[in-house]
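# Fold and geometry: a report
Residue-level listing of the chains:
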Amino acid sequence: MSVMRRRLRIAAAAVLAAGVALGSAGCSKKDDEGSTGEGGQVKLVLQTFQNFGYDQAIKDFEAAHPNIKVEHQKMGELRDFQPKLVQWLAAGSGAGDVVGLEEGVLLGYVQNPDKFANLLDLGAGELKANFPEWKWNNAMTPDGKKLIGLGTDVGGLAMCYRKDLFQQAGLPTDRDEVSKRMSTWQDYVALGKQFKASGKVKAAWLDSATSLMQPYVMQNSETFFFDKDNKFIGDTNPVIRQTWDLGLQMAKDGLTAKTQRWSADWDGAFKNSAFATLPCPAWMTEGVIAPKSGPANSGKWDIATIPGGGGNWGGSYLAVPAQTKHPKEAYELAKYLTSKEGHLAAFKEAGAMPSDIAGLDDPAFKDKTSEYFSGAPTGKIFGESVKNMKPVFLGAKHQQVWETIFEPQMQAAERGRLSSDAAWKKAVDEAKKATS
Amino acid sequence: MSSTVGAVPPPPAASPPSSAPLHRRRSYRLGRWDLKYSPYLYVAPFFVLFGVFGLFPVLYTVYVSLFDYELLSGTKEFAGLENYRVLMQDAQFWNAAYNTLGIFVLSTVPQLIVALMLANLLNRQMKARTLLRMGVVIPNITSVAAVGIIFALIFADRYGLINWLLGTVGFDPIAWRDNRFASWFAIAFMVDWRWTGYNALIYLGAMQAIPKDLYESASLDGASTWRQFWTITVPLIRPTILFTVIISTIGGFQIFTEPLMYGNGLVRGGVDHQFQTLAMYIYEKTFTGNSEYGYGSAMSWLLFMMIIIFALINFVLVRRSVKGDKK
């Protein structure tokens with residue numbers, strides 16, 4: 001019955017890995033890491049997850065630095081890479097000289113930055129002006145003394161909408177007109193009510209009440225679930241409850257499709273055209289909406305600006321673990337990959353949207369349009385959303401508190417499983433417990 | 001064998017006294033060692049590997065469980081039994097234990113009963129017998145993840161096959177995830193779909209070892225097939241039933257992938273953790289958030305103990321209820 005056992009093996013790996021990894025990681029990776037090859041050549045290991053699109057950028061970097069050889073280890077999905085990285089960092093060896101950190105992961109490390117080199121000591125201070133302020137600040141410890149990551153891609157945020165459904169409901173379909181009609185969230189809700197009142201469409205206005213939360217709070221507050229001392233303030237930050245109520249009110253008014261993001265029902269809702277709008281980061285357009293909606297809906301989607309103007313969802317960083325033997329060279333690599341050239345190469349290769357301001361203004365990115373989304377100028381729309389975004393302090397456990405606590409509870413309230421107040425109380429209690 | 005070879009060394013011949021008998025004696029000793037120790041050597045690879053990858057991690061887990069050990073923050077302080085004390089009061093852990101037990105009962109009981117019936121049917125003379133016998137294990141060779149994805153679609157809340165079917169005959173859709181019992185049922189269904197055939201095949205193997213004349217004389221005495229099944233088949237394959245019960249207990253308590261896939265890949269197991277199993281909770285604590293290895297290790301140990309206890313309870317229960325040949 002080895003197959004049945006394998007089930008737990010994933011989780012038992014949890015426990016076993018604690019022993020095995022600590023025992024073996026020390027010897028497994030050591031030999032090929034940090035070695036200095038013949039002729040004084042330095043070998044760097046770069047570890048990334050998913051697809052950062054760095055193949056060409058690394059070649060260019062090696063050409064410019066003949067004394068450095070880069071081994072790019074692609075570690076698969078974030079969820080596979082993350083636990084390994086945690087172990088390698090704890091064990092003191094095994095991690096690459098430069099590692100990719102997803103935004104949520106990075107925020108977790110900002111609170112415990114010891115395992116990473118301070119990029120400010122390596123000369124990163126001069127790069128500050130290259131990035132949007134919030135992107136830079138996210139990788140900075142709260143005291144402002146240590147920087148652990150340089151920004152790679154960003155998500156940006158726009159409002160994807162179904163042109164065909166808008167037309168059926170008698171709403172404007174032109175993206176500039178639509179953007180104008182939903183320049184604030186109040187307008188957006190009003191337009192949704194008009195959409196529904198037309199009585200000509202079966203679809204809901206928005207996929208889920210929870211979709212409102214991230215963009216709305218980030219536009220209207222300087223903090224989210226945590227204050228700058230990383231204390232949980234989700235219960236006292238008035239904007240969060242305000243957004244919660246706004247979203248659930250939309251659900252009550254029948255404006256949301258009440259589907260849970262990333263579920264089979266969400267997929268089905270795309271195919272069945274069950275909602276007309278969806279706040280979407282750049283990576284979601286071609287990467288999620290297009291494949292989930294299918295070729296049959298090509299040209300029916302379009303992209304307007306997000307109500308409120310700016311926003312971001314997702315993105316990553318490159319960091320240099322403190323265990324590296326070549327911090328200088330590692331920093332050079334991270335610096336190059338997060339420069340304009342590196343960003344644009346990654347954009348070309350993997351569609352990753354630059355977080356480098358010059359990169360956002362470069363025609364290679366700025367003039368990008370999307371055929372699936374009715375030829376929408378994605379480069380321009382998403383670029384502006386990133387530049388318009390205000391810096392928001394998220395805190396180390398933001399992702400955890402949002403994705404595993406507040407979002408599910410809000411969905412439960414949306415589906416009517418719990419009352420709004422009961423769900424709120426549960427979320428707050430749970431978050432307090434998780435962050436104490 | 002070695003004793004006959006070297007037991008009676010011939011008396012040394014007159015001239016070259018030394019080398020031959022010495023050689024003999026050595027081969028005699030080697031032969032004895034060979035006989036005595038080589039069996040251990042042959043099984044050693046298993047035990048060495050088991051020691052390195054099985055025993056050591058298990059014992060190390062005990063050690064780690066005594067620490068306040070968080071990988072993310074790098075804390076590692078001796079905490080004694082503190083983790084276990086916290087665990088006793090951790091409502092989410094006991095909720096996970098409750099779910100695991102519930103899903104286990106809901107899946108294993110029907111699974112083994114159906115498997116038994118299925119094996120009994122397959123044990124008869126019929127056409128395409130081999131094909132049918134092999135057919136029942138096909139679900140078992142599909143990947144768990146694939147099974148999870150497909151069943152998550154079938155049991156999807158809004159666009160799922162079952163809710164659609166219910167809708168066509170006028171029933172309300174079932175909240176497959178929000179309702180605790182419904183979620184348990186769906187997960188148990190997945191497990192059974194995969195494992196019933198496998199257990200049936202094991203039972204079938206045991207049934208084929210039962211001498212046919214027992215059935216013949218039973219039918220001569222006028223026993224119905226049903227009676228024969230309960231008084232001949234079941235008692236005679238009792239050891240096999242015990243085996244499957246133990247194995248199912250071990251597997252059932254570690255259930256992880258099915259509920260994970262069912263909950264859209266979230267380790268939370270539903271809004272209220274209504275289908276979060278122990279393995280999922282261990283994963284949540286150990287690999288997400290603060291990576292609390294110490295606490296995760298303590299939970300793993302407790303799970304280990306629970307599996308042993310439940311396996312024993314099941315063993316006793318089944319042995320009592322299924323009467324074998326009395327001695």
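None of these values were measured; they are calculated from a predicted model.

This part is about the overall build of chain A. For chain A, the count of helices and strands is 19 helices and 10 strands. Over its C-alpha trace chain A gives a radius of gyration of 23 Å, about what one expects of a compact globule, namely 22 Å for 436 residues. Considered along the principal axes of its C-alpha atoms, chain A spans approximately 75 × 50 × 50 Å. Scored against the burial criterion, the 436 residues of chain A give a buried share of 58%. In chain A, the share of contacts with a sequence separation of at least 24, taken over all contacts with a separation of at least 6, comes to 75%. A distance of 6 Å separates the average location of the 52 positive side-chain charges in chain A from that of its 51 negative side-chain charges.

Residues and elements named next belong to chain A. The buried fraction of helix H9 (residues 213-220) is high, at 7 of 8 residues. Listing the buried residues of H9 in full gives Met213, Gln214, Pro215, Tyr216, Val217, Met218 and Gln219. In this structure, the buried side of H9 is in contact with helix H8 (185-197), helix H10 (238-252) and helix H18 (398-415).

With that out of the way, let us pick up the UniProt feature "domain: ABC transmembrane type-1" (unreviewed entry) in chain B. Within this numbering scheme, the UniProt entry marks residues 97-314 of chain B as carrying the feature "domain: ABC transmembrane type-1" (unreviewed entry). End-to-end, the C-alpha atoms of residues 97-314 of chain B are 17 Å apart, and along that stretch the chain is 71% helix and 0% strand.

Bringing the interface of chain A and chain B into the picture now. The partner chain B presents 52 residues to the 49 residues of chain A that form the contact. Between chain A and chain B the total buried area reaches about 4300 Å² when both faces are included, carbon and sulfur atoms providing 60% of it. Applying the counting criterion to the chain A and chain B interface returns 5 salt bridges. A salt bridge links Arg268 of chain B to Glu430 of chain A; its shortest N-O distance comes to 3.1 Å. At the junction of chain A and chain B, the tally comes to 13 residue pairs in polar contact (both at pLDDT 80 or more).

Let us look at the nonpolar core. All names here are of chain A. Counting residues in hydrophobic clusters, the biggest one holds 89 residues, and the most contacted among them are Phe166, Tyr188, Trp205, Phe225, Ile289 and Phe406. Ranked by the residues each element gives to this core, the list is headed by H18, at 7 residues. The two domains that each donate at least three residues to this core are domain 1 (26-154 + 314-361) and domain 2 (158-309 + 373-435). Not counting residues within four places of it along the chain, the set of residues in contact with Phe166 comprises Tyr161, Leu171, Pro172, Thr173, Val178, Met182, Leu191, Phe195, Trp205, Ala276 and Thr277. Formed by 63 residues, the second largest nonpolar core is a distinct cluster that contains Ile68, Ala95, Leu150 and Ala345.

Time to look at the domain arrangement of chain A. Where the parts come together, the accessible area they lose is often given as the size of the interface. Residue and element names in this part refer to chain A. When cut into domains, chain A gives domain 1 (26-154 + 314-361) and domain 2 (158-309 + 373-435). For domain 1 and domain 2, the distance between their C-alpha centroids amounts to 31 Å. Tallying the contact residues gives 16 residues for domain 1 and 17 residues for domain 2. Buried surface at the junction of domain 1 and domain 2, summed over both partners, amounts to about 1400 Å²; 67% is from carbon and sulfur atoms. Along the contact surface separating domain 1 from domain 2 lie 1 salt bridge. Between Asp361 and Lys387 there is a salt bridge whose closest N-O contact spans 2.8 Å. Run the count over domain 1 and domain 2 and you get 3 residue pairs in polar contact (both at pLDDT 80 or more). Listing elements by their share of the side of domain 1 that touches domain 2, those giving two or more residues are helix H4 (103-111), helix H5 (133-138) and helix H15 (357-361).

Judged by side-chain charge, Arg25, Arg26, Arg29, Arg32 and Lys36 of chain B come together as a positively charged surface patch. For Arg26 of chain B, the position within the fold is in helix H2 (residues 19-64).

All names here are of chain B. A grouping of Leu30, Trp33, Tyr37, Tyr40, Tyr42, Val43, Phe46, Phe47, Phe50, Leu55 and Leu59 is seen on the molecular surface, where their side chains present a nonpolar patch of about 1300 Å² in accessible area. Tracing the sequence through the fold places Phe50 in helix H2. Look at Phe50 and you get partly exposed, because its relative accessible area is 41%.

In this section: the sheet that holds strand E4 (residues 150-154) of chain A. All names here are of chain A. Here we have 6 strands laid out as an open sheet, ordered E2-E1-E3-E9-E4-E10, and mixed in their pairing. With one partner strand each, in any of the chains shown, strand E2 (68-74) and strand E10 (353-354) form the two edges of the open sheet. Those strands touched by H4 are strand E3 (98-102) and strand E9 (315-319), and its axis lies near 105° from that of E3.

All right, on to the domain arrangement of chain B then. Residues and elements named next belong to chain B. By the assigned domains, chain B splits into domain 1 (2-64) and domain 2 (82-321). One C-alpha centre belongs to domain 1, the other to domain 2, and the line joining them spans 46 Å. Domain 1 puts 4 residues into the contact, and the matching count from domain 2 is 5 residues. At the boundary of domain 1 with domain 2, total buried surface from both sides reaches about 400 Å², with 73% on carbon and sulfur atoms.

Attention shifts here to the pattern of salt bridges. This structure, assessed with the given rule, holds 23 salt bridges over all chains. Residue Arg417 of chain A pairs with Asp272 of chain B through a salt bridge whose shortest N-O separation is 2.9 Å. Taken together, the positions of Arg417 of chain A in the loop between H18 and helix H19 (420-435) and Asp272 of chain B in the loop between helix H12 (257-262) and helix H13 (278-287) put the pair across two chains. The structure contains a network of salt bridges with shared partners spanning Arg415, Arg417 and Lys426 of chain A together with Asp178 and Asp272 of chain B.

Here we take up the UniProt feature "transmembrane region" (unreviewed entry) in chain B. Under the UniProt annotation, "transmembrane region" (unreviewed entry) lies at residues 40-63, 96-119, 131-156, 181-204, 236-256 and 298-318 of chain B. In residues 131-156 of chain B, helix accounts for 62% and strand for 0%; the two terminal C-alpha atoms are 33 Å from one another.

The next subject is the state of the cysteines. Residue and element names in this part refer to chain A. Evaluation of the coordinates by the stated rule reveals 1 disulfide over all chains. A disulfide bridge connects Cys160 with Cys280, and the sulfur atoms are separated by 2.0 Å. With the S-S bond torsion at 90°, the cross-link from Cys160 to Cys280 turns out right-handed. Note that Cys160 is positioned in strand E5 (residues 158-162) and Cys280 in strand E7 (residues 275-280), a separation of 120 residues in sequence. For Cys280, a relative accessible area of 0% puts it in the buried group.

Take the confidence of the model for chain A next. Considering every residue of chain A, the mean pLDDT works out to 87; 91% of them sit at 70 or more. Low pLDDT, under 50, characterises residues 1-35 of chain A; the stretch is placed with 78 contacts to residues that sit more than four places away or in other chains.

To continue, consider the pairing of E2 of chain A. Residue and element names in this part refer to chain A. Across 7 bridges, strand E1 (residues 42-48) lies against E2 in parallel orientation. The residue bridging Lys43 from the neighbouring strand is Lys69, located in E2. Note on the crossover from E1 through helix H2 (residues 55-64) to E2: the handedness is right-handed.

For Gly92 of chain A, the location among the structural elements is in the loop between helix H3 (78-91) and E3. Residues Gly92 of chain A and Lys115 of chain A, 23 residues apart in the sequence, show an inter-C-alpha distance of 8.4 Å.

Further remarks concern the packing of aromatic side chains. Residue and element names in this part refer to chain A. One pass over the structure, following the stated rule, counts 55 aromatic pairs over all chains. Aromatic side chains Tyr109 and Phe116 sit 5.0 Å apart centroid to centroid with 70° between the ring planes, which places their arrangement in the edge-to-face category. Per residue, the accessibility class of Tyr109 equals that of Phe116, and both read buried. A network of ring pairs unites the aromatic residues Tyr161, Phe166, Trp185, Tyr188, Phe195, Trp205 and Tyr216 as a single cluster. It is Arg241 that lies over the ring of Trp424; its NZ or CZ is 5.0 Å from the centre.

Quick notes on the rules
- Residues numbered from 1 in each chain as written.
- Chains lettered and ligands numbered in written order.
- Predicted model: local features only at pLDDT ≥ 70, side-chain atom pairs only at ≥ 80, totals over all residues.
- Heavy atoms only, no water.
- Helix = DSSP H or I, 4+ residues; strand = E, 2+ residues; numbered from the N terminus.
- Rg over C-alpha atoms; globule rule 2.2 N^0.38 Å.
- Buried < 20%, exposed > 50% of the residue type's maximum accessible area, 1.4 Å probe, protein only.
- Contact = heavy atoms within 4.5 Å.
- Lys, Arg positive; Asp, Glu negative; His and termini not counted.
- Charge placed at Lys NZ, Arg CZ, Asp CG, Glu CD.
- UniProt positions renumbered as here; feature names shortened; annotations may be inferred.
- Buried area = accessible area lost by both parts, 1.4 Å probe.
- Salt bridge = Lys/Arg side-chain N within 4 Å of Asp/Glu carboxyl O.
- Polar contact = N/O pair within 3.5 Å; in protein donor to acceptor, adjacent residues only side chain to side chain.
- Core = buried A, V, L, I, M, F, W, Y, C linked by side-chain atoms within 4.5 Å.
- Domains from an automatic or database assignment.
- Patch = residues over 30% accessible without salt bridge, like charges linked within 9 Å, V, L, I, M, F, W, Y side chains within 5 Å.
- Areas by Shrake-Rupley, 256 points an atom, 1.4 Å probe, with all protein chains shown as cover.
- Pairing = 2+ DSSP bridges.
- Axes fitted to C-alpha atoms, helices over the stretch in contact; angles between N-to-C directions.
- Disulfide = S-S within 2.5 Å.
- pLDDT = per-residue confidence, 0-100.
- Right-handed = clockwise from strand over helix to strand, strands pointing away.
- Phe/Tyr/Trp six-rings, centres within 6.5 Å; stacked < 30°, edge-to-face > 60°.
- Lys NZ or Arg CZ within 6 Å of the ring centre and 35° of its normal.

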